[in-house]
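Here is what each chain is made of, one letter per residue.
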Amino acid sequence: MLARYKCDAHDFPEGKMVKFTSESAAQGNRNYISVNDLYARNFTDANGEFQLELCIGTVRTLFDSEFRIPTSFLGHHIGHRGLHHHGGIATSTLTNIKTPAGTVTKVETSYFSFAGFDWNIALYPHGIKEAHGSNETRLAIYLNRCTGFDHQCRVKYNITLGDTEHTIKSGIMEDVSDSEGKSYGWHPRGKYTDLIRKGVIKIHAELILANTLSELVSNVTFQSVPATIGGSANVNHGVSASAVVSQCYDRDKQGWTVKCDCHAESIRIHMVYKDVQNVPRNHLR
């Protein structure tokens, strides 16, 4: 993950193109500012407390790995095996899957974290015929969510396969990860054999967005209303729609209410955040 951090207070530093990795999970200045300076510059209140404002912008979450393809795979003779990494590249696993349409071969990367979920990327060199609705054996790439199956998730990402001049780029993909963590995937027209270099297919993924989705059924009741003409009730009746308030919770267990307003020409949705009293206003009190 690449990020920039900035702190605006006299000699507070600004970091540009700071790289966070598993080996370097923390970034900053060890000689930030002494506690005595905080008091001397009146950065604290009467209780000795102070506020720190941190601005992080242009965050990029990147994942690099390799799909290691054994020589025997090119002859379509493969068993189930684990393929271990070399030189710090993540592990990939090669698997044969039995399906009604035949045997499907899949290569997966190791897990990585983004937006509070664990993910991995799966490559199907010969594709999944059911995904295309035909007998075409196209390369297929899937971003799989491995944790947090309580909600669907809207994702946005960018994937590059291959190395140097032999690459296939997806561009920015917008997808939906369902309640089982499966997505629609990316099905480029290139051949996996064109991407193999020294037995591996390099993959570079940029994770841009992962927002959870919730499905809520909001009921609407219909009531018959007698129409009046000249002050007297008519035998013909109109229909009045009355919305029912629905209660739901987000993934942080915060309460919301949703109501459909059907009294206008178009449907309007009213959302009310019910746990607003739990939002901290100011810690200096």
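Residues numbered from 1 in each chain as written. Predicted model: local features only at pLDDT ≥ 70, side-chain atom pairs only at ≥ 80, totals over all residues. Heavy atoms only, no water.

## Some details on the sheet that holds strand β15 (residues 246-249)
This is how it is decided: At least two DSSP bridges between two strands are required for those strands to pair. Strands are runs of DSSP state E lasting at least 2 residues, helices are runs of H or I lasting at least 4, and numbering of each runs from the N terminus. Here the axes come from fitting lines to C-alpha atoms, over the contacting stretch only for helices, and the angles between their N-to-C directions go from 0 to 180 degrees.
In spatial order, the strands read β15-β16-β17; together these three strands make up an open sheet with antiparallel pairing. Each edge of the open sheet carries a strand with a single partner, namely β15 and β17 (268-273). Averaged over neighbouring strand pairs, the angle between their axes works out to 30 degrees when direction is ignored. Pairing analysis gives four bridges linking β15 to strand β16 (residues 255-261), with the strands arranged antiparallel. Counted as the bridge partner of Y249 is G255 from β16.

## Let's talk about the pairing of strand β11 (residues 166-177)
In the sheet, strand β10 (residues 152-163) pairs with β11 via ten bridges, with the strands oriented antiparallel. Bridged to Y157 within β11 is M173. Connecting β10 to the antiparallel partner β11 that follows it, the hairpin turn spans two residues, and T164 within it adopts a positive phi of roughly 50 degrees.

## Describing the environment of R145
So the rule is basically this: Contacts were defined at the residue level, with two residues in contact if any of their heavy atoms lie within 4.5 Å. Here a polar contact is taken to be a pair of N or O atoms separated by no more than 3.5 Å, where protein atoms must pair a possible hydrogen donor with a possible acceptor and residues adjacent in sequence count only if both atoms sit in side chains.
When you line up the elements, R145 lands in strand β9 (residues 140-145). A sequence separation of 37 residues divides R145 from K182, and the C-alpha atoms of the two residues are 6.7 Å apart. Residues contacting R145, with those up to four places away along its chain left out, are F117, D118, W119, H151, Q152, C153, S177, D178, S179, E180 and G181. Among the polar contacts listed, one links the side chain of R145 to the backbone oxygen of D178, at a separation of 2.6 Å.

## Things to note about the environment of G255
The topology assignment puts G255 in strand β16. On a C-alpha basis, the gap between G255 and V272 in space is 8.7 Å, while along the polypeptide they are 17 residues apart. In this structure G255 touches Q247, C248, Y249, V272, Y273, K274 and D275, once residues within four positions along its chain are discounted.

## Topic: the packing of aromatic side chains
Rules: The criterion for an aromatic pair is that two Phe, Tyr or Trp rings (for Trp, the six-membered ring) have centres within 6.5 Å, with stacked assigned to planes under 30 degrees apart, edge-to-face to planes over 60 apart and tilted to the rest. For every residue, the accessible area obtained with a 1.4 Å probe (protein chains only) is divided by the maximum for its type, and the residue is called buried under 20%, exposed over 50%, and partly exposed between those limits.
Evaluated as defined, the whole model comprises four aromatic pairs. Between F63 and F112, the aromatic rings sit 4.1 Å apart at their centres with planes inclined by 25 degrees, giving stacked as the arrangement. Here F112 lies in strand β7 (residues 112-114) and F63 lies in strand β3 (residues 55-68), a separation of 49 residues in the sequence. Both residues of the pair, F63 and F112, belong to the buried class. Geometrically, the ring pair formed by Y124 and Y142 is edge-to-face, given 5.5 Å between the ring centres and 85 degrees between the ring planes.

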